[in-house]
Amino acid sequence: MAYRILCGLLGAGLVLGGIMLLLGFFGALGPGGAMTGPLSPMGPNGLYFVAFTACGLIGWGGGLIGASKHPATSRIVGTFSAWAMVVMGLYRFAGWFLGDFAHLGELPRIEAVIFLSLAIAFVWLRPAKALPGGAA
């Protein structure tokens, strides 16, 4: 049950976040739009990659929503989501440690802790493997 809630809420959040990023991209391109991000300057190339990431977030969120409906047959979605969370946490720690993103303060470290905690949740809450033929 907790796995279904985790997948459903995170999936919905990723879809909504992706839609917001896409809308922000198109808003920045419009007349009088600011070509900057919320925390750091980006320019048109940065905004282009933010929109590209938004499309991926929408797809990933849809996969997690599907996994919340059929958790026993969608274990791989949770496994790869955990791997993605680990990578997201590690590169944020690297950015924080190297000091290239000093203007963000402690944000990369806080995000890393959140992503690594989500990775642990995906591993711990993963449902049992489905048996062939749907037997319980």
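Structure shown above.
Scoring rules and cut-offs
Residues numbered from 1 in each chain as written. Predicted model: local features only at pLDDT ≥ 70, side-chain atom pairs only at ≥ 80, totals over all residues. Heavy atoms only, no water. Helix = DSSP H or I, 4+ residues; strand = E, 2+ residues; numbered from the N terminus. Salt bridge = Lys/Arg side-chain N within 4 Å of Asp/Glu carboxyl O. Buried < 20%, exposed > 50% of the residue type's maximum accessible area, 1.4 Å probe, protein only. Expected span 1.5 Å × (residues − 1). Contact = heavy atoms within 4.5 Å. Core = buried A, V, L, I, M, F, W, Y, C linked by side-chain atoms within 4.5 Å. Phe/Tyr/Trp six-rings, centres within 6.5 Å; stacked < 30°, edge-to-face > 60°.

Would you take a moment to explain the overall build of the chain for this structure?
Per the secondary structure count, the chain includes 4 helices and 0 strands. Secondary structure elements of the chain occur, N-terminal to C-terminal, as α-α-α-α.

Can you walk me through the pattern of salt bridges in this structure?
It is possible for side chains of opposite charge to pair when their charged atoms get near one another. Scanning the model with the defined rule gives 2 salt bridges in all. Here E111 ties to R92 by a salt bridge, and the two come within 2.6 Å at their closest N and O atoms. With E111 in helix α4 (residues 107-124) and R92 in helix α3 (residues 75-98), the pair connects residues that are 19 residues apart, well separated along the chain. Using a relative accessible area of 25% as the deciding quantity, one classes E111 as partly exposed. In this structure R92 comes out as buried when scored by relative accessible area, which is 15%.

How do you make sense of the environment of G17 when you look at a structure like this?
Within the secondary structure, G17 sits in helix α1 (residues 2-29). Residues G17 and G61, spaced 44 residues apart in sequence, show a C-alpha to C-alpha distance of 9.4 Å.

What is the right way to look at helix α2 (residues 43-69) in this model?
Quick reminder: α-helices carry 3.6 residues per turn. Residues three or four places apart thus point the same way. The end-to-end C-alpha separation of α2 is 39 Å, in line with the 39 Å expected for 27 residues at 1.5 Å each. Among all positions in α2, only G43, L47, A51, A54, L57, G61, L64, A67 and S68 are buried. Where α2 is buried, its residues touch α1, α3 and α4.

Where do I start with the nonpolar core in this structure?
For soluble globular proteins, the rule of thumb is that nonpolar side chains tend to be buried together. If you look at the biggest cluster of nonpolar residues, it comprises 15 residues, and the most contacted ones within it are C7, L10, L14, L64, M85 and F122. The element best represented in this core is α1, accounting for 5 residues. Residue contacts for C7: discarding those within four places in its chain leaves L64, I65, A67, S68 and F122. In terms of nonpolar packing, the next biggest core, distinct from the first, is built from 6 residues, L22, F25, A51 and A54 among them.

What exactly am I supposed to notice about the packing of aromatic side chains here?
Remark: the centre distance and the inter-plane angle together describe each pair of aromatic rings, the angle taken between the planes. Across all of its chains, the model carries 3 aromatic pairs by this definition. Aromatic pair Y3 and F122: ring centres 6.5 Å apart, planes at 85°, arrangement edge-to-face. Here Y3, found in helix α1, pairs with F122, found in helix α4; they are 119 residues apart in sequence, far enough to count as distant. The class of Y3 is buried, set by a relative accessible area of 3%. F122 gets classed as buried once you look at its relative accessible area, which sits at 1%.

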